[in-house]
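# Overview (structure and organization)
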Amino acid sequence: LNERFTLTAGKQDVFYGGFEYDENPLLIYEYSDMNEYSLCYLTGIGLGYQPNESQEIRLQVTNSRMGSMEDEYGRLPEFKKPRVPLFYTLNWNGNFLDELIHLRYSVSAAEQAQGKYMYSVFTGQSIEAGPVYAYFDVMYSRGKLDPLGLLTELTQPEVSGEEEPEPPVRIQNIDYLSLVGEIQYRFHPKWQLFAKGMYESASIYKAYDAYEKGKYRTAWGLQTGIEFYPMADENLHIFLTGTARFYNLTEKAKALCASIENTQRLSVGFIYKLPLY
């Protein structure tokens, strides 16, 4: 609209905070559960205000899902559908000390069902000093209906043969906490080392029916690797990474016949962005 105000309409990314979410997806070898399962592209309108070069405030209103309630949540409890399902996000971005420190914060709210809401807070802090770049994100989401679906997936029943299992009813009163940190060290113009750590938990904050209050799932993640950028424009990079994810289910989760396996992966490859324009 002018130098200070920007209007965005149509399909757009949600104005979440945090730096893992804001990173180029080509540079993410393994997302945290929070960013992997959160809705990130919705249709609506966003208004941005930049009072100066180092500060930005953005307000966004979009639809709260990409299909019907059943498409989004599967089998539903006896909840009424909302008349106008909307997703509201307020985002603040700032940098300080001559762009040494960057902050990306957001708060969001969405009506999942009539009178039933989910809320999320995403905060990200980063520092960039010469060859070193590091960030630390803290993300929290709470919903009357399981906002990510991770705990609901754990209760998926096992069936034999070709019989299709009936999806579980979406679990209620869920909250998720994610802590994600990464450090990158550009020790040579063409070489970079990085290490990333993740801690995430999933809990029921209010007991109902057969579901007890408390923590059900904990996930730990560790990733490290080296990248080689042979071209001056960094359009191509070759990578070698190692990723490990470890999970712990509490007795409350095991009582629901939940199970999940630890995973380890070694990857080697290259990423190249085709210059089509």
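These notes cover the structure that comes with them. Source: prediction; values computed, not measured.

Conventions adopted
- Residues numbered from 1 in each chain as written.
- Predicted model: local features only at pLDDT ≥ 70, side-chain atom pairs only at ≥ 80, totals over all residues.
- Heavy atoms only, no water.
- 1 Å grid on protein atoms, 1.4 Å probe; cavity = no way out; pocket = protein on both sides within 12 Å on 5 of 7 lines; lining within 4 Å.
- Points joined across faces, edges and corners; volume = space filled by probe spheres on them.
- Nonpolar A, V, L, I, M, F, W, Y, C, P; charged D, E, K, R; others polar.
- Helix = DSSP H or I, 4+ residues; strand = E, 2+ residues; numbered from the N terminus.
- Phe/Tyr/Trp six-rings, centres within 6.5 Å; stacked < 30°, edge-to-face > 60°.
- Buried < 20%, exposed > 50% of the residue type's maximum accessible area, 1.4 Å probe, protein only.
- Lys NZ or Arg CZ within 6 Å of the ring centre and 35° of its normal.
- Patch = residues over 30% accessible without salt bridge, like charges linked within 9 Å, V, L, I, M, F, W, Y side chains within 5 Å.
- Areas by Shrake-Rupley, 256 points an atom, 1.4 Å probe, with all protein chains shown as cover.
- Salt bridge = Lys/Arg side-chain N within 4 Å of Asp/Glu carboxyl O.
- Lys, Arg positive; Asp, Glu negative; His and termini not counted.
- Charge placed at Lys NZ, Arg CZ, Asp CG, Glu CD.
- Core = buried A, V, L, I, M, F, W, Y, C linked by side-chain atoms within 4.5 Å.
- Contact = heavy atoms within 4.5 Å.

### Re empty space enclosed by the protein
Applying the stated rule across the entire model yields four cavities of 30 Å³ or more. Of the volumes computed, that of the largest cavity is approximately 130 Å³. Surrounding the largest cavity, 15 residues form its lining, Y16, L39, F87, M118 and P147 being those nearest its centre. Of the residues belonging to the lining of the largest cavity, the class tally is nine nonpolar, five polar and one charged.

### Focus on the layout of surface pockets
As a volume, the largest pocket reaches approximately 500 Å³. Counting residues per element, the ones that place at least two in the lining of the largest pocket are β6 (116-129), β7 (132-145), β8 (172-188) and β9 (191-204). The residue makeup of the lining of the largest pocket, split by class, is 13 nonpolar, eight polar and eight charged.

### Considerations on the packing of aromatic side chains
A full pass over the atoms with the stated rule returns 15 aromatic pairs. Each ring, one from Y16 and one from F122, has its centre 4.6 Å from the other, and the planes form 10°; the classification is stacked. On the criterion of sequence distance, the pair formed by Y16 in the loop between β1 (5-13) and α1 (19-22) and F122 in strand β6 is long-range, its members being 106 residues apart. Both residues of the pair, Y16 and F122, belong to the buried class. The residue whose ring lies beneath R58 is F15, and the NZ or CZ to ring-centre distance is 3.9 Å. Above the plane of the ring of Y229 lies R186, whose end atom (NZ or CZ) is 4.5 Å from the centre.

### Points about a negative patch on the surface
On the surface, E53, D98, E99 and E128 cluster together into a patch of negative charge. The exposure class assigned to E128 is partly exposed, which follows from its relative accessible area of 44%.

### Section: the pattern of salt bridges
Enumeration according to the criterion identifies eleven salt bridges in this entry. The salt bridge partner of R104 is D22, with a shortest N-O separation of 3.6 Å. On the criterion of sequence distance, the pair formed by R104 in strand β5 (residues 101-113) and D22 in helix α1 is long-range, its members being 82 residues apart. Residue class for D22 comes out partly exposed when judged on its relative accessible area of 44%. The closest approach of N and O atoms between R245 and D33, which form a salt bridge, is 3.4 Å. Of the two residues, R245 sits in strand β11 (residues 236-249) while D33 sits in helix α2 (residues 33-37), which places them 212 residues apart along the sequence. Take R245 and D33: they sit in the same class, and that class is buried.

### Quick look at the nonpolar core
Among the nonpolar cores identified, the biggest contains 31 residues, and L151, I171, Y176 and I204 are the most heavily contacted of them. The set of elements that each furnish at least two residues to this core consists of α1, β6, β7, α4 (150-154), β8 and β9. If we ignore the near neighbours within four places in the chain, the residues touching Y176 are M34, M139, Y140, S141, D146, P147, L148, G149, L150, L151, S201 and A202.

### What to know about the environment of L154
Take L154: it is sitting in helix α4. Judged by its relative accessible area of 11%, L154 is buried. It is 14 Å that separates the C-alpha atoms of L154 and N262, two residues lying 108 residues apart in sequence. Apart from the residues within four sequence positions on either side, L154 is in contact with R217, L249, C257, A258, S259 and I260.

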